Amino acid sequence: MFKANITDENDKLVLDLSGDLDVYSEEEFKSLIEDEIETVNKDVLIDIKNLDYLDSTGLGMFMKIYKINEQRGKKVKIINPKENILKLFKITDLTEIFEMV
């Protein structure tokens, strides 16, 4: 089950994701992006320590956030990836696009 929690911390939005971000949670996450991220002009910090699974649909949603913020001159940082998810970012060369810690 996918869950997302957003906290507005002065200079950035902190997005805490858990569960599975895949084709089945796409609509929920897409709504969150449109309602919470597109409307605020801030850097985004995505904490994925509790994210268990990510597929290409989920990667596409991360790219959507990246493109929104890139147009505004804002950053997107992804922190605390599990090994299986970090591997997916490396295979797709997205570690070149996202700052990952």
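Above: the structure in question.
About the cut-offs
- Along each chain, residues carry numbers from 1 onward, in the same order as the chain's sequence is written.
- Residue-level local features of this predicted model are given only where pLDDT is at least 70; pairs of side-chain atoms are given and counted only at 80 or more, and the full residue set underlies all totals for whole chains, interfaces and linings.
- Computation of side-chain values covers all heavy atoms of the structure but excludes hydrogens and water.
- Each residue's exposure class comes from its accessible area (1.4 Å probe, protein chains only) as a fraction of the maximum for that residue type: buried when under 20%, exposed when over 50%, partly exposed otherwise.
- In this description a helix means any DSSP run of H or I spanning at least four residues, a strand means any run of E spanning at least two, and both kinds are numbered starting from the N terminus.
- Here the arc refers to the directions that run from the helix axis out to each C-beta atom.
- It only takes one pair of heavy atoms within 4.5 Å for two residues to be counted as in contact.
- The definition of a nonpolar core used throughout is a set of buried Ala, Val, Leu, Ile, Met, Phe, Trp, Tyr and Cys residues joined through side-chain atoms within 4.5 Å.
- Note: two strands are recorded as paired if DSSP finds a minimum of 2 bridges between them.

Enquirer: Please explain helix α3 (residues 83-91) as it appears in this structure.
Expert: In an α-helix, one full turn covers 3.6 residues, which means residues spaced three or four apart are oriented alike. For α3, every residue scored as buried is listed here: Ile 85, Leu 86 and Phe 89. Down the axis of α3, the buried side of the element spans an arc of 100°, and every buried residue falls inside it. The outward face of α3, more than 90 degrees from its buried face, is lined by the exposed residues Glu 83, Lys 87 and Ile 91. On its buried face, α3 is in contact with β3 (43-54), α2 (56-72), β4 (76-79) and β5 (99-100). Phi turns positive, to about 60°, at Asp 93, one or two residues after α3.

Enquirer: Whenever I open this one, the nonpolar core confuses me. Can you help?
Expert: Soluble globular proteins: nonpolar side chains tend toward being buried together. Counting 28 residues, the largest nonpolar core has Leu 17, Phe 29, Ile 46, Phe 62, Ile 65, Phe 89 and Phe 98 as the members making the most contacts within it. With sequence-adjacent residues up to four places away left out, Ile 46 is seen in contact with Leu 15, Leu 17, Phe 62, Ile 65, Val 76, Lys 77, Ile 78 and Ile 79.

Enquirer: I tried to follow the sheet that holds β5 on my own but got confused; where do I start?
Expert: Picture the strands of a sheet paired through backbone hydrogen bonds; they go either parallel or antiparallel. Sheet architecture is open: five strands sit in the order β1-β2-β3-β4-β5, paired in mixed fashion. Strands at the two margins of the open sheet, each flanked by one partner only, are β1 (3-9) and β5. Of the pairings in the sheet, the one linking strand β2 (residues 12-21) to β3 comprises nine bridges and is parallel in character. For Lys 12, the partnering residue across the bridge sits in β3 and is Asp 43.

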